[in-house]
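Fold and contact review
Listed below are the residues making up each chain.
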Amino acid sequence: MFERLFKLKEHGTTARTEMVAGLTTFLTMSYIIFVNPDILSTTGMDRDAIFVATCLAAALGSVVMALVANWPIGMAPGMGLNAFFAFTVVAALGFTWQQALGAVFISGLIFLLLTVTGVRSWLIAGIPHSLRSAIATGIGLFLGIIALKNAGIVVDNPATLVGLGDLKQTGPLLAILGFFVIAVLDSLKIRGAILIGILVVTVLSMLLGVSEFKGIVSAPPSIAPTFLQLDIVGALHGGLLHVILVFVLVEVFDATGTLIGVAKRAKLVEEGKPNRLGRALLADSSAIIAGSLMGTSSTTAYVESASGVQAGGRTGLTALTIAVLFLAALFISPLAAAVPSYATAPALLYVAGLMMRELTEVEWDDLTEAAPAALTAIAMPFTYSIANGLAFGFVSYVVLKVCTGKWSVIHPATQIVAALFVVRFAFFGS
């Protein structure tokens, strides 16, 4: 059956190799099971329901990737957009989480339309490489400040806006320990380093009596509190239109870049050879829609899938294995509920650090490229909004190119996005 579905011999692999690759990828990305509920529950959403929605969205997305695209890529709610969903759209802008889910659903539909019509490729080709790198870096910095805040390492200071927290407290100390555990294990190439770090801090917090042990295995909680609770009509509110734009832009760059990058490592995308990138993109966009219906932020392809490719994964059987493992994870809800925020903070901070390496891709010798990239990356954490970072970057890019006589190099896609952000500020303010 596996041979018929996934053409294992054609790809020079075996069922055992694919399953081992799936387990490898799952271990590297399964931290999302703990991190996503911790982030989204700050909006008032039911934490147990988010846990179930996270596992189901990851499983469904990975199954679609397996059966439609036959690619070894795992899917799950993405880091960055979940933080934007919780801390910007709901906490800062004041929209309900139901409206935010509606915005995710609409962005998924737009994403699907862009994919089917081919506009997605045009849009990606038109966005400057420096801005694309800066967006990843800025999202990393945004995750970083959230992680430091959740850990109690960075606190509010009326005189300086931010300051250093009390590092003698249990929470910050455990978070610092967790970060070093993750960094050391990852440097030693140990699979699941982030997951292990989260579990180590959680166990220590229980032993110290600062968090409660609630068990490990039980029947999955109900998904009813978040299932089909999205408010699509409310999402069409004028103030949420730029949020939908941000969702679409980040989904386009993040998912497409990950899919192509991992597929190239698996030699699934080679010049002059047919590939299933179009099918993979369809799987990705449909997973976003399904995730919003279940009650989670945007689902996307995970760059951690590269670890499975390195372990020999070449077909959709790897993705199918990932899906099965996410379904199995539904039965560890008590453990997920016991994970404190200072246990997930090190994971956020470590992922943030990995994303910042994109800064090396910025064209620093050209100030009309470097300045917009810097503004993009700096604005995201300091305005606590991915949307503002994108706006600063795209608008400044167009302005600097025009003022230096380089109008002709600005792609129409960049002009359109910049114009949309100008309209957003002009009519809806900050």
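Right, let's walk through the structure included here. In this text the structure is predicted, and so the values were computed from the model without any measurement.

Applying the stated rule across the entire model yields four salt bridges. For the salt bridge of D366 with K406, the shortest nitrogen-to-oxygen distance reads 3.7 Å. One end of the pair, D366, is in the loop between α17 (341-355) and α18 (367-382); the other, K406, is in the loop between α19 (386-403) and α20 (412-428), with 40 residues separating them in the sequence. Residue classification places K406 among the partly exposed positions, given a relative accessible area of 31%. Ionic pairing is found between K401 and E369, a salt bridge with its closest N-O pair at 3.1 Å. Of the two residues, K401 is situated in helix α19 and E369 in helix α18; the sequence distance between them amounts to 32 residues.

Once that is clear, we can look at the environment of V422. The residue V422 is located in helix α20 in this model. On the accessibility criterion, V422 (44% relative accessible area) is partly exposed. Remark: the alpha-carbon pair of V422 and A391, spanning 31 residues in sequence, is separated by 7.8 Å.

In a regular helix each residue adds 1.5 Å, so 21 residues correspond to 30 Å; helix α6 (residues 97-117) covers 30 Å between its end C-alpha atoms and thus fits that length. Just beyond α6, the residue with positive phi is G118, at close to 90°.

Taken together, the four bridges between strand β2 (residues 154-157) and strand β3 (residues 161-164) define a ladder with antiparallel strand orientation. Pairing of D156 across the sheet is with V162, part of β3. Where β2 folds back on β3, the antiparallel hairpin that results is connected by three residues.

Turning our eyes to something else, we now look at the packing of helix α2 (residues 15-29) against helix α15 (residues 316-328). Where α2 meets α15, the axes come as close as 7 Å, and the angle between the chain directions of the two elements is 50°. When the axis of α2 is compared with that of α15, the two are oblique. Our pair here, α2 against α15, has a crossing hand that is right-handed. Residues A15, E18, M19, A21, G22, L23, T25, F26 and M29 of α2 form the contact with α15, whose participating residues are L317, T318, T321, I322, L325 and F326. Of the residues assigned to the contact of α2 with α15, the class counts are 10 nonpolar, four polar and one charged.

The next point concerns the packing of helix α5 (residues 81-92) against helix α8 (residues 129-151). One way to put it is that α5 packs onto α8 with a least axis distance of 11 Å and a crossing angle of 65°. Handedness of the α5/α8 crossing: left-handed. Residue-level inspection shows A83, F84, F87 and T88 of α5 in contact with α8, the latter providing F142, L143 and I146. Split by residue class, the contact of α5 with α8 holds six nonpolar, one polar and no charged.

Now for the layout of surface pockets. Taken as a whole, the largest pocket holds about 1600 Å³ of empty space. Along the wall of the largest pocket there are 44 residues; nearest its centre are T258, V303, E304, R357 and E358. Secondary structure elements with two or more residues in the lining of the largest pocket: α8, α10 (193-207), α12 (241-265), β4 (299-301), α14 (305-310) and α17. Element by element, the count of residues in the lining of the largest pocket is highest for α12, at 12 residues. Tallied by class, the residues present in the lining of the largest pocket amount to 22 nonpolar, 12 polar and 10 charged.

Next up on the list: unusual backbone geometry. Within the chain, N70 stands out as a residue other than glycine whose phi angle is a positive 55°. Within the secondary structure, N70 sits in the loop between α4 (47-69) and β1 (75-77). Positive phi, close to 75°, is recorded for L161, a residue that is not glycine. Structurally, L161 can be placed in strand β3. Judged by its relative accessible area of 68%, L161 is exposed.

Conventions and cut-offs
All chains use their own residue numbering, which begins from 1 and follows the written sequence. Only residues with pLDDT of at least 70 get local features here, since the model is predicted, and only at 80 or more are side-chain atom pairs given and counted; chain-wide, interface and lining totals rely on the full set of residues. The side-chain values count all of the structure's non-hydrogen atoms but skip hydrogen atoms and water molecules. A pairing counts as a salt bridge when a side-chain nitrogen of Lys or Arg comes within 4 Å of a carboxyl oxygen of Asp or Glu. Only DSSP runs of H or I reaching four residues or more are called helices, and only runs of E reaching two or more are called strands; each is numbered from the N terminus. Exposure categories follow from relative accessible area, calculated using a 1.4 Å probe and restricted to protein chains: below 20% of the type maximum is buried, above 50% is exposed, and the middle band is partly exposed. In this analysis, the expected span of each helix is defined as 1.5 Å times one less than the number of residues it contains. Strand pairing is assigned whenever DSSP detects at least two bridges linking the two strands. Lines are fitted to the C-alpha atoms to define the axes, a helix being fitted only along its stretch in contact, and any angle between axes, read from their N-to-C directions, falls within 0 to 180 degrees. Roughly parallel refers to an angle under 35 degrees, roughly antiparallel to one over 145, roughly perpendicular to one between 65 and 115, and oblique to any angle outside these ranges. Should the near helix be turned anticlockwise from the far one by less than a right angle, the crossing is termed left-handed; should it be turned clockwise, right-handed. Note on contacts: a residue pair is in contact if any heavy atoms of the two residues lie within 4.5 Å. Ten residue types, Ala, Val, Leu, Ile, Met, Phe, Trp, Tyr, Cys and Pro, are classed as nonpolar, four, Asp, Glu, Lys and Arg, as charged, and the remainder, Gly among them, as polar. The way it works is a 1 Å grid over only the protein atoms, where trapped points that fit a 1.4 Å probe form a cavity and open points with protein on both sides within 12 Å along at least five of seven lines form a pocket, and then any residue with an atom within 4 Å of a point lines it. Grid points are joined across faces, edges and corners, and a volume is the space filled by probe spheres set on the points.

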